[in-house]
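Below, each chain spelled out in residue letters.
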Amino acid sequence: MSQPRKNYMTPGCAARMRTELKELLYKERPAMVDTVAWAASNGDRSENADYQYGKRRLREIDRRIRFLTKQLDAADIVDPLDQKERAGDRVLFGATVTVENADGVERVLSLVGGDEMDASRWRISWFSPVGRALLNAREGDEVTVVTPGGREELEIVKVEYLPLD
(Lines give C-alpha, C1' and ligand atoms only; values in the text may rest on other atoms or scores of the structure.)
Protein backbone atom coordinates (compact mmCIF):
# COMPACT_ATOMS: atom_id res chain seq x y z
CA MET A 1 0.00 0.00 0.00
CA SER A 2 1.42 3.37 -0.96
CA GLN A 3 1.75 6.09 1.59
CA PRO A 4 -0.80 8.90 1.16
CA ARG A 5 0.76 12.08 -0.18
CA LYS A 6 0.81 15.24 1.84
CA ASN A 7 -2.00 17.70 1.24
CA TYR A 8 0.10 20.84 0.87
CA MET A 9 -1.73 24.07 0.18
CA THR A 10 -0.97 27.77 0.25
CA PRO A 11 -2.56 30.03 2.88
CA GLY A 12 -4.73 31.58 0.16
CA CYS A 13 -6.16 28.20 -0.84
CA ALA A 14 -6.87 27.32 2.79
CA ALA A 15 -8.63 30.67 3.30
CA ARG A 16 -10.79 30.14 0.17
CA MET A 17 -11.75 26.65 1.35
CA ARG A 18 -12.63 27.91 4.85
CA THR A 19 -14.78 30.68 3.35
CA GLU A 20 -16.62 28.20 1.13
CA LEU A 21 -17.13 25.84 4.08
CA LYS A 22 -18.61 28.64 6.22
CA GLU A 23 -20.89 29.68 3.36
CA LEU A 24 -22.15 26.12 2.97
CA LEU A 25 -22.57 25.46 6.70
CA TYR A 26 -24.16 28.73 7.75
CA LYS A 27 -26.03 29.97 4.66
CA GLU A 28 -26.64 27.47 1.89
CA ARG A 29 -27.40 24.37 3.97
CA PRO A 30 -29.82 26.06 6.42
CA ALA A 31 -31.64 27.75 3.51
CA MET A 32 -31.96 24.41 1.70
CA VAL A 33 -33.20 22.68 4.87
CA ASP A 34 -35.94 25.33 5.09
CA THR A 35 -36.83 24.78 1.42
CA VAL A 36 -37.02 21.01 1.89
CA ALA A 37 -39.18 21.41 5.02
CA TRP A 38 -41.55 23.72 3.12
CA ALA A 39 -41.70 21.33 0.15
CA ALA A 40 -42.33 18.36 2.45
CA SER A 41 -45.27 20.19 4.02
CA ASN A 42 -46.91 20.39 0.59
CA GLY A 43 -47.89 16.74 0.66
CA ASP A 44 -47.01 13.84 -1.61
CA ARG A 45 -43.21 13.71 -1.73
CA SER A 46 -42.98 11.18 -4.56
CA GLU A 47 -44.20 13.71 -7.13
CA ASN A 48 -42.94 16.86 -5.43
CA ALA A 49 -40.15 18.30 -7.62
CA ASP A 50 -39.20 20.97 -5.05
CA TYR A 51 -38.75 18.31 -2.39
CA GLN A 52 -36.78 15.96 -4.63
CA TYR A 53 -34.52 18.74 -5.91
CA GLY A 54 -34.00 20.04 -2.37
CA LYS A 55 -33.01 16.62 -1.03
CA ARG A 56 -30.59 16.13 -3.93
CA ARG A 57 -29.08 19.58 -3.38
CA LEU A 58 -28.72 18.86 0.36
CA ARG A 59 -26.78 15.68 -0.46
CA GLU A 60 -24.51 17.69 -2.78
CA ILE A 61 -23.94 20.33 -0.10
CA ASP A 62 -23.23 17.67 2.54
CA ARG A 63 -20.80 15.91 0.20
CA ARG A 64 -18.93 19.19 -0.43
CA ILE A 65 -18.85 19.96 3.31
CA ARG A 66 -17.33 16.53 4.00
CA PHE A 67 -14.77 17.03 1.22
CA LEU A 68 -13.72 20.51 2.40
CA THR A 69 -13.53 19.39 6.03
CA LYS A 70 -11.39 16.40 5.11
CA GLN A 71 -9.06 18.49 2.93
CA LEU A 72 -8.62 21.18 5.58
CA ASP A 73 -8.09 18.63 8.37
CA ALA A 74 -5.32 16.96 6.35
CA ALA A 75 -3.84 20.24 5.09
CA ASP A 76 -0.23 21.15 5.58
CA ILE A 77 -0.36 24.90 4.94
CA VAL A 78 2.89 26.24 3.51
CA ASP A 79 3.49 29.90 2.78
CA PRO A 80 5.74 30.27 -0.29
CA LEU A 81 7.43 33.29 1.29
CA ASP A 82 8.45 31.16 4.29
CA GLN A 83 9.78 28.45 1.97
CA LYS A 84 12.48 30.73 0.53
CA GLU A 85 14.70 30.49 3.59
CA ARG A 86 14.27 26.73 3.89
CA ALA A 87 14.66 26.02 0.18
CA GLY A 88 17.68 28.12 -0.62
CA ASP A 89 18.06 27.76 -4.37
CA ARG A 90 16.09 24.48 -4.63
CA VAL A 91 12.60 24.06 -6.05
CA LEU A 92 10.12 23.15 -3.33
CA PHE A 93 6.36 23.48 -2.90
CA GLY A 94 5.31 27.09 -3.50
CA ALA A 95 8.18 27.91 -5.84
CA THR A 96 7.63 29.98 -8.95
CA VAL A 97 9.98 28.53 -11.55
CA THR A 98 10.96 29.88 -14.95
CA VAL A 99 11.77 27.00 -17.29
CA GLU A 100 12.97 26.92 -20.89
CA ASN A 101 12.35 24.03 -23.27
CA ALA A 102 14.62 22.82 -26.09
CA ASP A 103 12.97 25.29 -28.52
CA GLY A 104 13.90 28.24 -26.28
CA VAL A 105 10.31 28.84 -25.13
CA GLU A 106 10.13 30.06 -21.54
CA ARG A 107 7.25 29.38 -19.15
CA VAL A 108 6.74 30.52 -15.60
CA LEU A 109 5.19 27.79 -13.43
CA SER A 110 4.16 27.81 -9.79
CA LEU A 111 4.11 24.57 -7.77
CA VAL A 112 0.92 24.43 -5.74
CA GLY A 113 -1.32 21.85 -4.07
CA GLY A 114 -3.84 19.67 -5.84
CA ASP A 115 -6.75 21.84 -4.67
CA GLU A 116 -5.39 24.97 -6.32
CA MET A 117 -4.13 23.79 -9.71
CA ASP A 118 -5.00 26.20 -12.50
CA ALA A 119 -3.54 25.47 -15.93
CA SER A 120 -4.65 28.86 -17.28
CA ARG A 121 -2.38 30.56 -14.72
CA TRP A 122 0.39 27.93 -15.01
CA ARG A 123 -0.18 26.77 -11.45
CA ILE A 124 0.68 23.09 -11.46
CA SER A 125 0.51 20.56 -8.67
CA TRP A 126 3.73 19.59 -6.99
CA PHE A 127 2.88 15.92 -7.60
CA SER A 128 2.20 16.27 -11.35
CA PRO A 129 4.83 14.87 -13.74
CA VAL A 130 6.30 18.35 -14.29
CA GLY A 131 6.09 19.21 -10.59
CA ARG A 132 7.84 15.98 -9.54
CA ALA A 133 10.58 16.55 -12.12
CA LEU A 134 11.21 20.07 -10.82
CA LEU A 135 11.25 19.24 -7.09
CA ASN A 136 14.68 19.71 -5.49
CA ALA A 137 16.23 20.95 -8.75
CA ARG A 138 18.21 24.19 -8.81
CA GLU A 139 18.73 27.10 -11.19
CA GLY A 140 20.74 25.92 -14.18
CA ASP A 141 19.69 22.27 -13.79
CA GLU A 142 18.10 20.40 -16.64
CA VAL A 143 15.25 18.05 -15.86
CA THR A 144 13.47 15.48 -17.99
CA VAL A 145 9.72 15.50 -17.83
CA VAL A 146 7.83 12.40 -18.92
CA THR A 147 4.30 13.25 -19.99
CA PRO A 148 1.70 11.46 -22.10
CA GLY A 149 3.03 13.51 -25.03
CA GLY A 150 6.55 12.17 -24.58
CA ARG A 151 9.79 13.28 -22.95
CA GLU A 152 10.69 16.94 -22.68
CA GLU A 153 13.91 18.51 -21.45
CA LEU A 154 13.49 21.67 -19.39
CA GLU A 155 16.21 23.97 -18.13
CA ILE A 156 15.51 25.80 -14.90
CA VAL A 157 16.22 29.45 -15.59
CA LYS A 158 15.01 31.01 -12.33
CA VAL A 159 13.63 29.91 -8.95
CA GLU A 160 11.63 32.41 -6.89
CA TYR A 161 9.32 32.28 -3.89
CA LEU A 162 6.57 34.84 -4.41
CA PRO A 163 3.13 35.40 -2.87
CA LEU A 164 0.69 33.31 -4.91
CA ASP A 165 -2.59 35.05 -4.06
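In what follows, the structure referred to is the one given above.
Student: Is there a simple way to explain the nonpolar core in this structure?
Tutor: Side chains that are nonpolar tend, in soluble globular proteins, to be buried together. By size, the foremost hydrophobic cluster in this structure holds 21 residues, and its most contacted members are Val91, Val99, Leu134, Val143 and Ile156. Taken together, the elements giving at least two residues each to this core come down to strand E3 (96–101), strand E4 (106–112), helix H4 (129–134), strand E6 (142–147) and strand E7 (150–160). Residue contacts for isoleucine 156: discarding those within four places in its chain leaves Val91, Val97, Thr98, Val99, Leu134, Ala137, Arg138, Glu139, Gly140, Asp141 and Val143. Counting 16 residues, the second-largest nonpolar core is a separate cluster that includes Met32, Val36, Ile61 and Ile65.

Student: Can you help me understand unusual backbone geometry in this one?
Tutor: Peptide bonds are mostly trans, and most non-glycine residues show a negative phi. Phi is positive for tryptophan 122, close to 55°, though the residue is something other than glycine. Of note, asparagine 136 is a non-glycine position whose phi angle comes to about 70°, a positive value. Here asparagine 136 shows up in the loop between H4 and E6. For asparagine 136, a relative accessible area of 42% gives the class partly exposed.

Student: I keep staring at a positive patch on the surface and nothing clicks. Help me out?
Tutor: A contiguous patch of positive charge, built from Arg45, Lys55, Arg56, Arg59, Arg63 and Arg66, is present on the exposed surface. Within the element layout of this structure, arginine 56 appears in helix H2 (residues 49–73).

Student: Help me understand a negative patch on the surface in this model?
Tutor: A cluster of acidic residues, Glu106, Asp141, Glu142, Glu153 and Glu155, forms a negative patch at the surface. Assessed through its relative accessible area of 32%, glutamate 155 is described here as partly exposed.

Student: Looking at this model, I keep getting lost on H2. Mind explaining?
Tutor: For an α-helix, the turn length of 3.6 residues means that residues three or four places apart are oriented alike. Taking 1.5 Å of rise per residue, the 25 residues of H2 would be expected to cover 36 Å, and the 36 Å separating its terminal C-alpha atoms lies within 8% of that figure. Those residues of H2 that sit buried are Tyr51, Gly54, Leu58, Ile61, Ile65, Leu68, Gln71 and Leu72. Turning to H2, the residues buried within the fold contact strand E1 (7–9), helix H1 (11–40) and strand E2 (75–77). One side-chain oxygen of the residue at the start of H2 lies 3.2 Å from the amide nitrogen of aspartate 50, identifying that residue as asparagine 48.

Student: Is there a simple way to think about the pairing of E3 in this case?
Tutor: Two faces make up the sheet, and in a regular strand the side chains alternate between them. Of all the six residues making up E3, five are buried; the element is thus mostly covered by neighbouring parts of the structure. As paired strands, E3 and E4 are joined by five bridges and run antiparallel to one another. Bridge pairing in E4 places threonine 98 opposite valine 108. Counting the residues in the hairpin turn of E3 and E4 gives four residues, including glycine 104, whose phi is positive at 85°. Here E3 runs beside E7; their pairing, made up of six bridges, is antiparallel. Its bridge partner being in E7, asparagine 101 is matched across the sheet by leucine 154.

Student: Would you take a moment to explain the pattern of salt bridges for this structure?
Tutor: Should their charged atoms come close, side chains of opposite charge can pair. One pass over the full model with this rule turns up nine salt bridges. Between aspartate 89 and arginine 138 there is a salt bridge whose closest N-O contact spans 2.9 Å. Highlighted residues: aspartate 89 in the loop between helix H3 (80–87) and E3 and arginine 138 in the loop between H4 and E6, separated in sequence by 49 residues. On the accessibility criterion, arginine 138 (36% relative accessible area) is partly exposed.

Student: Could you clarify how one ought to interpret the packing of H1 against H2 in this entry?
Tutor: It is the contact of H1 with H2, at a shortest axis distance of 9 Å, that shows an interaxial angle of 155°. Taken together, the axes of H1 and H2 lie roughly antiparallel to each other. The handedness of the crossing between H1 and H2 is left-handed. Partitioning the contact of H1 with H2 into residue classes produces 19 nonpolar, three polar and nine charged.

Rules used in this analysis
Residues numbered from 1 in each chain as written. Predicted model: local features only at pLDDT ≥ 70, side-chain atom pairs only at ≥ 80, totals over all residues. Heavy atoms only, no water. Core = buried A, V, L, I, M, F, W, Y, C linked by side-chain atoms within 4.5 Å. Buried < 20%, exposed > 50% of the residue type's maximum accessible area, 1.4 Å probe, protein only. Helix = DSSP H or I, 4+ residues; strand = E, 2+ residues; numbered from the N terminus. Contact = heavy atoms within 4.5 Å. Patch = residues over 30% accessible without salt bridge, like charges linked within 9 Å, V, L, I, M, F, W, Y side chains within 5 Å. Areas by Shrake-Rupley, 256 points an atom, 1.4 Å probe, with all protein chains shown as cover. Salt bridge = Lys/Arg side-chain N within 4 Å of Asp/Glu carboxyl O. Lys, Arg positive; Asp, Glu negative; His and termini not counted. Charge placed at Lys NZ, Arg CZ, Asp CG, Glu CD. Expected span 1.5 Å × (residues − 1). Polar contact = N/O pair within 3.5 Å; in protein donor to acceptor, adjacent residues only side chain to side chain. Pairing = 2+ DSSP bridges. Axes fitted to C-alpha atoms, helices over the stretch in contact; angles between N-to-C directions. Parallel < 35°, antiparallel > 145°, perpendicular 65-115°, else oblique. Left-handed = near helix turned anticlockwise from the far one by under 90°. Nonpolar A, V, L, I, M, F, W, Y, C, P; charged D, E, K, R; others polar.

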